[in-house]
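# Overview (structure and organization)
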Amino acid sequence: MTTTSPGYDALLVLSFGGPEEPAHVRPFLENVTRGRGVPPERLDAVVEHYMHFGGVSPINALNRDIIAAIETELAAAGIELPIYFGNRNWHPMVEDTVAQMASDGVERALVFPTSAWGGYSGCRQYHEDVARARDAAGDGAPDLVKIRQYYDHPAMIAAFADAISAARESLPEEHRQTARVVFTAHSIPSAADANAGPPEDGGHLYSRQVAEASRLVAAASSIDDFDLVWQSRSGPPQVPWLEPDICDHLESLSRDSVDAVVVCPIGFVSDHLEVVWDLDTEAKDKARELNMAFARAATPGTDARFAQMVVELVREHIAGADERGRGTVPRYGSTLNGSRCAFRCCEQPARPTRAGAAT
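The text that follows walks through the structure, step by step, so that each part is easy to find. (Residues numbered from 1 in each chain as written. Predicted model: local features only at pLDDT ≥ 70, side-chain atom pairs only at ≥ 80, totals over all residues. Heavy atoms only, no water.)

### Let's talk about the overall build of the chain
What counts is decided by this rule: Put simply, DSSP H or I for four residues or longer makes a helix, DSSP E for two residues or longer makes a strand, and each gets a number counted from the N terminus. All radius of gyration figures rest on C-alpha atoms, and the globule criterion is 2.2 Å times the number of residues raised to 0.38. For each residue, the accessible area found with a 1.4 Å probe, counting protein chains only, is set against the maximum for its type, and the residue is called buried under 20%, exposed over 50%, and partly exposed in between. Should any heavy atoms of two residues lie within 4.5 Å, those residues are counted as being in contact.
A count of helices and strands for the chain gives twelve helices and ten strands. Here the chain has a C-alpha radius of gyration of 20 Å; the compact-globule value for 359 residues is 21 Å, and the two agree. Buried residues in the chain amount to 55% of all 359 residues. Nonlocal contacts in the chain, meaning residues at least 24 apart in sequence, comprise 80% of its contacts between residues at least 6 apart.

### Thoughts on the side chain of Arg134
The following threshold applies: Each polar contact in these results corresponds to two N or O atoms within 3.5 Å; when the atoms are within protein, one needs to be able to donate a hydrogen and the other to accept it, and residues that are neighboring in sequence are counted only if both atoms are side-chain atoms.
On the secondary structure map, Arg134 appears in helix H5 (residues 120-137). A polar atom in the side chain of Arg134 sits 3.1 Å from the side chain of Asn337. Leave out the neighbours within four places in its chain, and Arg134 touches Ala141, Pro142, Asp143, Leu144 and Asn337.

### With respect to the sheet that holds strand E6 (residues 143-146)
Definition in use: Following DSSP output, two strands are said to pair if at least two bridges run between them. For helices, the fitted line uses only the C-alpha atoms of the stretch in contact; every axis is such a line through C-alpha atoms, and the angle between N-to-C directions lies from 0 to 180 degrees.
Strand order in the open sheet formed by four strands is E4-E2-E5-E6, and the pairing between neighbours is parallel. Of all strands in the sheet, those with a lone pairing partner are strand E4 (83-87) and E6, marking the two edges. This sheet shows a mean twist of 30 degrees between the axes of neighbouring strands, independent of strand direction. Relative to E6, strand E5 (residues 108-113) runs parallel, the two being bridged by four bridges. Directly across from Val111, in E6, lies its bridge partner Lys146. Strand contacts of helix H4 (residues 94-103): strand E2 (10-15), E4, E5 and E6, with the helix running at about 150 degrees to E4, the strand carrying the most contacts.

### Details of the environment of Ala69
Assignment of secondary structure puts Ala69 in helix H3 (residues 59-76). For Ala69, a relative accessible area of 31% gives the class partly exposed.

### Let's talk about the packing of helix H9 (residues 246-255) against helix H11 (residues 278-289)
Stated precisely, the cut-off is as follows: An angle below 35 degrees is treated as roughly parallel, one above 145 as roughly antiparallel, one from 65 to 115 as roughly perpendicular, and anything else as oblique. For any pair of crossing helices, the crossing counts as left-handed if the nearer helix is rotated counterclockwise from the farther one by less than a right angle, and right-handed if it is rotated clockwise.
Two numbers describe how H9 lies on H11: the axes approach to 9 Å, and their chain directions differ by 20 degrees. With respect to each other, H9 and H11 are oriented roughly parallel. Considering only the axes of H9 and H11, their crossing is right-handed. Contact residues: Ile246, Cys247, Leu250 and Glu251 in H9; Leu279, Glu282, Ala283, Lys286 and Ala287 in H11.

### Digging into the nonpolar core
Short version of the rule: Buried Ala, Val, Leu, Ile, Met, Phe, Trp, Tyr and Cys residues that are joined via side-chain atoms within 4.5 Å together make up what is termed a nonpolar core.
With 65 residues, the main nonpolar core has Leu11, Ile70, Phe112, Tyr150, Ile164, Phe306 and Met309 as its most contacted residues. Contacts of Leu11, omitting those with residues within four sequence positions, involve Ile70, Leu81, Pro82, Ile83, Tyr84, Leu110, Val111, Phe112, Ile147, Val310 and Val314.

### As for the packing of H3 against helix H12 (residues 304-318)
Stated precisely, the cut-off is as follows: Three classes are used, and their members are as follows: Ala, Val, Leu, Ile, Met, Phe, Trp, Tyr, Cys and Pro are nonpolar, Asp, Glu, Lys and Arg are charged, and the others, Gly among them, are polar.
Viewed as axis vectors pointing N to C, H3 and H12 meet at an angle of 60 degrees, and their least axial separation amounts to 9 Å. If you check the angle between H3 and H12, you find them oblique. Relative to H12, the crossing made by H3 is right-handed. From H3, Ile66, Ala69, Ile70, Glu73 and Leu74 reach across to H12, where they touch Phe306, Ala307, Gln308, Val310 and Val311. Among the residues forming the contact of H3 with H12, the class breakdown is eight nonpolar, one polar and one charged.

### Things to note about the pattern of salt bridges
Short version of the rule: Salt bridges, as used here, are contacts in which a Lys or Arg side-chain nitrogen is within 4 Å of a carboxyl oxygen on Asp or Glu.
One pass over the full model with this rule turns up 25 salt bridges. Among the salt bridges present, the one from Asp143 reaches Arg108, with a minimum N-O distance of 3.8 Å. Of this pair, Asp143 sits in strand E6 while Arg108 sits in strand E5; the two residues are 35 residues apart in sequence, bridging distant segments of the chain. Overall, the relative accessible area of 29% leaves Arg108 in the partly exposed class. The salt bridge partner of Arg148 is Glu316, with a shortest N-O separation of 2.8 Å. Separated by 168 residues along the polypeptide, Arg148 in the loop between E6 and helix H6 (154-170) and Glu316 in helix H12 bring together distant segments of the chain. This pair shows no difference in class: Arg148 is buried, exactly as Glu316 is. Residues joined in a network through salt bridges with shared partners are Arg148, Asp152, Glu316, Glu323 and Arg331.

### Some thoughts on the packing of aromatic side chains
The line we're drawing: Pairing of aromatic side chains requires ring centres within 6.5 Å, counting the rings of Phe and Tyr and the six-membered ring of Trp. Pairs whose planes differ by under 30 degrees are stacked, by over 60 edge-to-face, and all others tilted.
Applying the stated criterion across every chain yields a total of ten aromatic pairs. The interplanar angle of 75 degrees and the centroid separation of 6.0 Å between the aromatic rings of Phe28 and Tyr50 together place this pair among those described as edge-to-face. Here Phe28 is found in helix H1 (residues 22-33), whereas its partner Tyr50 is found in helix H2 (residues 40-51), with 22 residues between them in sequence. By relative accessible area, Phe28 is classed as buried at 0%.

Have a look at this one:
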């Protein structure tokens, strides 16, 4: 039996966005980097990454697949909740989507962000997207309640753990038991990470959440020892970012006679460009150069448990279901109409940079 959802009449899936044809690439990157002083030659380099894949980012198609899976899971759960899709940097733009929601008579909606994390890029910018879209929609804008961070949700942890097992099995048999497991997530400026989270708790909320998710996945995979590294840095070299970089780390492992790795993109929910270029292209080529066997674990967005997790997160709001999580690092993120998280979760860095990010 299908029922309406008390207190909410829609779900907005909010993401980063990406180009879907070559002519979109440069305008998309200009949207991403506007006001951040990124030199044209840096954009030229990232444009070439997209052209390697026909000028198309996988992210929009992957998000549409996720939405279709969520629709199926909501129907199975008897929850009647239409789903809308909006992006920060490319069509469908969130401003247009929220305007459509208002036109459709939506009054109060939940917002699911395709980022599991705290910090400025992982959380605060999504609040800003919500506030900006409501301002653009005007007086008829629906109330928008962002769903919490979900870095430690058991469904996502289990999906990553199974993905590591599958990746290990794809290696030549002689490497399966000895391959080093390396977790990787998007690097951010060190100062931005330091500013994320309650000052009395030491900040560094983003990197601590990533480390905790890695620990949880490793434990679920019976892995006692692993590495956590970073990828996709794009800022000027004089600005410190989280390190080490994945390719630098592969060189270090090779010097230590490691001859096989399983790389798990713990920081990503889908195989968008930062996964298929930075890992499946650059890191894989580096491993080949080092004569190192390489396998990359799948991201969880295509796993049925991911959509089931989204429905559980929805239930937390509409039915008062207990929050599920296994981590010891705090998670925040749920606020109304773009207001900031409590406890200084996602303060803006002095010079916000995710310049040149390729999604």
